[in-house]
Protein chains: 2
Amino acid sequence: MAFNLEELAPSSGEWLRGAGPESDIVISSRVRLARNLADFPFIARATESDREEIERQLRTRIETLQKENEKFPSSLAYVDVGRLEEIDRQFLVERQLISRELAEGDGARAVVIDRGEQFSVMINEEDHLRIQVMHSGLDLETAWEQINTLDDLLEEQITYAWSDKLGYLTACPTNVGTGVRVSVMLHLPALVITRQVDKVFRSLQKINLAVRGLYGEGSQAMGDFYQISNQVTLGQSEQELTKKVADIVPVLLGYERKARDFLMQESQQTLHDRVSRAYGILRTAQTISSEETLHLLSSVRMGINLGLIRDVEIPTINKLFIHTQPAHLQKIAGMELDTSDRNIERASYLRRHLDGNGGASAGHN
Amino acid sequence: MAFNLEELAPSSGEWLRGAGPESDIVISSRVRLARNLADFPFIARATESDREEIERQLRTRIETLQKENEKFPSSLAYVDVGRLEEIDRQFLVERQLISRELAEGDGARAVVIDRGEQFSVMINEEDHLRIQVMHSGLDLETAWEQINTLDDLLEEQITYAWSDKLGYLTACPTNVGTGVRVSVMLHLPALVITRQVDKVFRSLQKINLAVRGLYGEGSQAMGDFYQISNQVTLGQSEQELTKKVADIVPVLLGYERKARDFLMQESQQTLHDRVSRAYGILRTAQTISSEETLHLLSSVRMGINLGLIRDVEIPTINKLFIHTQPAHLQKIAGMELDTSDRNIERASYLRRHLDGNGGASAGHN
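The structure presented is a predicted model; accordingly, all values stated were derived computationally and were not measured.

Focus on the overall build of chain A
In step 1: Summing up its helical and strand segments, chain A has 12 helices and 10 strands in all.
In step 2: Within the span of chain A, comprising 365 residues, buried residues form 59% of the whole.
In step 3: Within chain A, contacts between residues separated by at least 24 positions form 70% of all contacts whose residues are at least 6 apart in sequence.
In step 4: Only carbon and sulfur atoms are counted for the fraction: they give 46% of the accessible area of chain A, which is about 15,200 Å².
In step 5: For chain A, the separation between the mean place of its 41 positive charges and that of its 54 negative charges on side chains is 5 Å.

Some words on helix H6 (residues 197-206) of chain A
All names here are of chain A.
In step 1: Where H6 is concerned, the buried positions are Val197, Val200, Phe201 and Leu204. End-on view of H6: buried residues confined to an arc of 95 degrees, all on one side of the axis. Facing away from the buried side of H6 by over 90 degrees, the exposed positions are Asp198, Lys199 and Lys206.
In step 2: Looking at the packing, one finds that the buried side of H6 touches helix H5 (189-193), strand E9 (209-212), strand E10 (225-230) and helix H7 (238-266).
In step 3: Positive backbone phi, at 60 degrees, marks asparagine 208, one or two positions downstream of H6.

With respect to the pattern of salt bridges
For side chains bearing opposite charge, pairing can occur when the charged atoms are close.
In step 1: Taken as a whole and judged by the stated rule, the model has 40 salt bridges over all chains.
In step 2: The closest approach of N and O atoms between Glu292(B) and Arg277(A), which form a salt bridge, is 2.7 Å. Taken together, the residues span two chains, with Glu292(B) in helix H9 (residues 290-305) and Arg277(A) in helix H8 (residues 268-284).
In step 3: Judged by relative accessible area, which is 25%, Glu292(B) ranks as partly exposed.
In step 4: A salt bridge links Asp88(B) to Lys331(B), with the shortest nitrogen-to-oxygen separation between them at 2.3 Å. In this pair, Asp88(B) is assigned in helix H2 (residues 86-94) and Lys331(B) in helix H11 (residues 326-333), connecting sequence segments 243 residues apart. An identical accessibility class is assigned to Asp88(B) and Lys331(B); each is buried.
In step 5: Salt bridges sharing common partners tie together Glu125(A), Glu126(A), Asp127(A) and Arg130(A).

Section: the sheet that holds strand E10 (residues 225-230) of chain B
All names here are of chain B.
In step 1: Taken together, eight strands build an open sheet; the order of strands is E2-E3-E4-E5-E1-E8-E10-E9 and the sheet is antiparallel. Each end of this open sheet is capped by a strand with a single partner; those strands are strand E2 (76-80) and strand E9 (209-212). Sheet twist, expressed as the mean angle between neighbouring strand axes with direction ignored, is 20 degrees.
In step 2: Pairing of E2 with strand E3 (residues 110-114), which is carried by five bridges, proceeds in the antiparallel orientation. Opposite leucine 76, over in E3, you have aspartate 114 as the bridge partner.

Topic: the domain arrangement of chain A
All names here are of chain A.
In step 1: The domains assigned to chain A are domain 1 (10-256) and domain 2 (263-354).
In step 2: Averaged C-alpha coordinates put domain 1 and domain 2 at centres separated by 27 Å.
In step 3: Every contact between the two is made by 28 residues of domain 1 and, on the other side, 20 residues of domain 2.
In step 4: Of the roughly 2,000 Å² buried between domain 1 and domain 2, counting both surfaces, carbon and sulfur atoms make up 66%.
In step 5: Across the contact surface, domain 1 and domain 2 share one salt bridge.
In step 6: The tally of links between domain 1 and domain 2 comes to 11 residue pairs in polar contact (both at pLDDT 80 or more).

Considering the environment of Ala246(A)
Residue and element names in this part refer to chain A.
In step 1: On the secondary structure map, alanine 246 appears in helix H7.
In step 2: Relative accessible area serves as the criterion here: at 15%, alanine 246 is assigned to the buried category.
In step 3: A C-alpha to C-alpha distance of 23 Å links alanine 246 and arginine 95, two positions 151 residues apart in sequence.
In step 4: With sequence-adjacent residues up to four places away left out, alanine 246 is seen in contact with Leu140 and Glu141.

Here we look at the pairing of strand E1 (residues 26-35) of chain A
Residue and element names in this part refer to chain A.
In step 1: Here E1 lies mainly inside the structure; 10 of its 10 residues are buried.
In step 2: Where E1 lies against strand E8 (residues 180-187), seven bridges are found, and the strand directions are antiparallel. From the neighbouring strand, arginine 32 faces E8, where its bridge partner is arginine 181.
In step 3: Bridging between E1 and strand E5 (residues 129-136) involves eight bridges; their strand directions are antiparallel. Its bridge partner being in E5, valine 31 is matched across the sheet by valine 133.

Rules of the game
Residues numbered from 1 in each chain as written. Chains lettered and ligands numbered in written order. Predicted model: local features only at pLDDT ≥ 70, side-chain atom pairs only at ≥ 80, totals over all residues. Heavy atoms only, no water. Helix = DSSP H or I, 4+ residues; strand = E, 2+ residues; numbered from the N terminus. Buried < 20%, exposed > 50% of the residue type's maximum accessible area, 1.4 Å probe, protein only. Contact = heavy atoms within 4.5 Å. Areas by Shrake-Rupley, 256 points an atom, 1.4 Å probe, with all protein chains shown as cover. Lys, Arg positive; Asp, Glu negative; His and termini not counted. Charge placed at Lys NZ, Arg CZ, Asp CG, Glu CD. Arc of directions from axis to C-beta. Salt bridge = Lys/Arg side-chain N within 4 Å of Asp/Glu carboxyl O. Pairing = 2+ DSSP bridges. Axes fitted to C-alpha atoms, helices over the stretch in contact; angles between N-to-C directions. Domains from an automatic or database assignment. Buried area = accessible area lost by both parts, 1.4 Å probe. Polar contact = N/O pair within 3.5 Å; in protein donor to acceptor, adjacent residues only side chain to side chain.

What follows is the structure in structure tokens.
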């Protein structure tokens, strides 16, 4: 059973669903595996016809699994990324279903997505397969068990590149071994406000944990969202890697909660002012950039969690985080918009969904 | 008949009443006369007992006039400024009824104010008398006629320092002659946004017109309010001076209207965004300074005049301009407040009066 990408747009996706344990701070838990077919060269050395053949073979095997094995997700979209419009590729990036690299690459490439958006497989990204399981909130163990099962099912159909000495072979040496990357996306506004975030992250780097922004490597930490993940996969088991990330999360939660308590005690008025103004601006702006929107929504999200804002719910804010991203905004509006028109449409969308009468009606439009 | 200062607090005073011709831009028209008693030295050379005697004599004469001459305002407050609390002196400065100099001076000094706040006389400011008539909107001619009548009535009771050659003698040479200062307070936000205001003011200075901010000499142009007045009084008749200021006002109105039209045509979205956000912040801030308040109210005031904001009226905004000033705020709250508490009280006052539910209720207060 297949479904259409358009069906995904009205929701906020699994990663910003706002459910699961510790969801005031932990946005999502993700495990991904890097895998390659034994019979083909790595992507960097593959010819275009290799890539087409890889894509064709994987498609066939995944479709077979879907039909024949009831443990495999039954409702999948198989998306030919190369044939997608730019806006649809961007849409999938915004939902954390494909990487920027896959979106911006060329040649035969695809992604398989289950309807619930918990499971996806990128084909011909840096590796032949990038299998991902993502859960809302803090839930690494379940995510790990789920991806392990799916990986086993796939391995029944596919011969992976493997070395008895090294483990799974991958395009980039940092992935060799288990090929696993375990990550959590955290919302850490209080650590940002109290200027502790850099210090905390430096200490994470010392224990080989990587910190990235909202949209992966190199992206800025927009909206105070930070992704924490393991740096290397060699020499440790998948369970050890999962545990390493899982163990640090309560520590980070503790820091963020402590920072929030500090702000509430030492400068509640300033904090209340900040979140309240953010909410006010989101409800009255007539034009607003994506970056400012993320920044203000982040304040409002924390304000709700601290009981400083009470007439809007977290799911609404989570949905706005994703729906105000450029591709989502255009898909929802049903038309392509340039930056300037997007900023106007974004402001309008925010006003409508935050129930702000806005106070200011359009003049001579 | 006397009245109490407390009776003035609930209104916005004459100068921000928002009535009169061209009141979208012209806040008020003011004429003041500098006069000195012939029989006493100027203030700078007067002893404290001179000042007391001047004050006593002027009080008696004004009270006599009030009782005996029906042309003289019948409801007056005679305020001993030296005995006022700091907050009450500041209150009168905020209403443009006394100067900062009178408020901050020492020794015997007073102000006489009529209930409508159109007429006031400062005693022992820079000169023995500073007589002021202020009208809302553009109305210099009427203000001139009114002050001329009052001056004549006073001169029946008082012998002014006078030179046949120079005219009225005053403490500062710039006032010698007619002793008249004619001024208009203008609201020029569009000239500020379009960065034309400095150029315009330089050209005014070339024709000997002075430009000052909201609270007189040296004060910054807060809230985009500018006071335009004549620089010298010697060698020109009162009518000529009044005409000189009156003639420039339509020119300045033209510039400001042109700048507003330009903004509405060339960047309406940006302008709408600016005024709408200003309104949003005023309705949601939990703490706000006096300066930021003036700045935001200025945007909202222009927004209303341009039809970009429709659910609040100009008189409300005018009232907020004055009621959010430090002394007004404390008098209305009925208690002294330090800067930090004032900023909180100001934000609360703004939210209540702009009908903003604010969206953000207090948390653990």
